[in-house]
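These are the residues of each chain, in order.
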Amino acid sequence: MSTVTTIATARGPAATDSLADLVVLDKASPVPLYFQVAQQLEAAVEGGKLPPGTRLDNEIELADQLGVSRPTMRRAMEFLVDKGLIVRRRGVGTRVVQSRVRRPLELTSLYDDLKNAGQEPTTTVLSNTIEPATAAVAEALGLAEGTPVVVVVRLRSARNQPLARMCNYLPAALLEISTEALESQGLYQLIRAAGVRLHAATQVIGARNATAAEARLLEESRGAAVLTMERVAYDDHGTAVEYGTHIYAATRYSFQLSLLTG
């Protein structure tokens, strides 16, 4: 006998619909389960079936109710958090927030940002190979370990100064990328030109000290601070199409974020 977890709201003890009433999964579909969950919950929020103030149960209970794994449910919830549809606060839980009017946000690369700022970027391709995916790369891209992936390592500079060393991984079946094209265009330009529609990304920003080799490459002193960024980009079907691990010279580069109060 299965149990159904209800969705409690700020206006009463329980909503009239359970999560299972709002989300119907097709496990035979090529669309990842987390993306199916996220899309249907987003539609429920936009359609008023999950009004502002609705409190959602924890990930374990929600995963059990839908018959998906906890990592799948966590990924769906993170997708909704990134889109500003839900917020998670300690001691309060997860709640639906007021739906915002949003315009499409185009994912940009460092190449795009430098071009838009009027700085002509230059690129040195350090390597462009096809290799079997390591465990970490396979997990990021949702592939089986050992699947062939394109591995591109580049040094991006502006005004004759190195700014970043970028390492990107893409499924080898997605597209072929020549070294010549990488030297003259941004990676995301090439991905879009291949007919892939970039839709969303998850990104983690950090900092650490450069290794001796990294410092030499970026023309920094040994042990200098570098900013780090890991990003997984997804297409409009929710499939991971690119995983990047980049370092930036902290003396010449910074990240600017726009924050909204909740």
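**Points about the sheet that holds strand β1 (residues 55-56)**
The sheet built from 3 strands is open, its strands ordered β1-β3-β2 with antiparallel pairing. Looking along the sheet, the strands with just one partner apiece sit at the ends: β1 and β2 (86-89). One ladder, built from 2 bridges, connects β1 with strand β3 (residues 93-96); its direction is antiparallel. Directly across from R55, in β3, lies its bridge partner R95. Across the face of the sheet, helix α4 (residues 70-82) comes into contact with β1, β2 and β3 while running at roughly 110° to β2.

**Side note on the sheet that holds strand β9 (residues 240-249)**
If you walk across this open sheet you meet the 6 strands as β4-β5-β6-β9-β8-β7, and the pairing is antiparallel. At either margin of the open sheet sits one strand with a lone partner, and together these are β4 (121-132) and β7 (198-209). Ignoring strand direction, the axes of neighbouring strands in this sheet form an average angle of 15°. Here strand β8 (residues 225-235) runs beside β9; their pairing, made up of 9 bridges, is antiparallel.

**A few points about the environment of N209**
Relative to the helices and strands, N209 is located in strand β7. You can call N209 exposed: its relative accessible area is 51%. Between the C-alpha atom of N209 and that of R222, which follows or precedes it by 13 residues, the distance is 8.4 Å. Here G223 takes part through its backbone oxygen, which lies 2.8 Å from a polar atom of the side chain of N209.

**Here we look at the pairing of strand β5 (residues 148-158)**
Summarising burial for β5: 10 of the 11 residues are buried, a large majority. Sheet analysis places β4 next to β5, joined by 11 bridges and oriented antiparallel. When the bridges of β5 are listed, P132 appears paired with P148. Bridging between β5 and strand β6 (residues 161-171) involves 10 bridges; their strand directions are antiparallel. Counted as the bridge partner of S157 is P162 from β6. The hairpin turn running from β5 into β6, its antiparallel successor, is 2 residues long, and R159 in that turn takes a positive phi close to 55°.

**Some remarks on the confidence of the model for the protein**
When pLDDT is averaged along the protein, the result is 81; 81% of the residues meet or exceed 70. For residues 1-16, every residue scores under 50 in pLDDT, and the model assigns this stretch 32 contacts once sequence neighbours within four places are set aside.

**Digging into α4**
For an α-helix, 3.6 residues make a turn, and residues three or four places apart therefore share a direction. For α4, built from 13 residues, the straight-helix expectation of 18 Å at 1.5 Å per residue is met to within 8% by its first-to-last C-alpha distance of 18 Å. What α4 keeps buried is the set T72, M73, A76, M77, F79 and L80. Buried residues in α4, looked at end-on, bunch into an arc of 150°, giving them a common side. Exposed residues lying more than 90 degrees from the buried face of α4 are P71 and D82. Count one or two residues on from α4 and you reach G84, which has phi positive near 75°.

Cut-offs and rules
- Counting restarts for each chain: residues are numbered from 1 in the order of the written sequence.
- Reporting of local features is limited, given that this is a predicted model, to residues whose pLDDT is at least 70; pairs of side-chain atoms are given and counted only at 80 or more, and all residues count toward the totals for whole chains, interfaces and linings.
- Excluded from the side-chain calculations are hydrogens and water; all other atoms, namely the structure's heavy atoms, are used.
- A pair of strands is labelled paired if DSSP reports no fewer than 2 bridges between them.
- For helices the rule is a DSSP run of H or I covering at least 4 residues; for strands it is a run of E covering at least 2, with both sets numbered from the N terminus onward.
- The criterion used for residue contact is that any of the two residues' heavy atoms lie within 4.5 Å.
- To get an axis, fit a line to the C-alpha atoms, keeping to the stretch in contact for a helix; angles then go from 0 to 180 degrees between the N-to-C directions.
- Only protein chains enter the accessibility calculation, which uses a 1.4 Å probe. A residue is then buried if its area is under 20% of the maximum for its type, exposed if over 50%, and partly exposed in between.
- We define a polar contact as two N or O atoms separated by no more than 3.5 Å, with the added condition that, inside protein, one atom must be a possible hydrogen donor and the other a possible acceptor, whereas residues neighbouring each other in sequence contribute only through side-chain atom pairs.
- A residue's pLDDT is the predictor's confidence in that residue, given on a scale from 0 to 100.
- A helix is expected to span 1.5 Å for every residue after the first.
- Each C-beta atom gives one direction from the helix axis, and the arc is the one those directions make.

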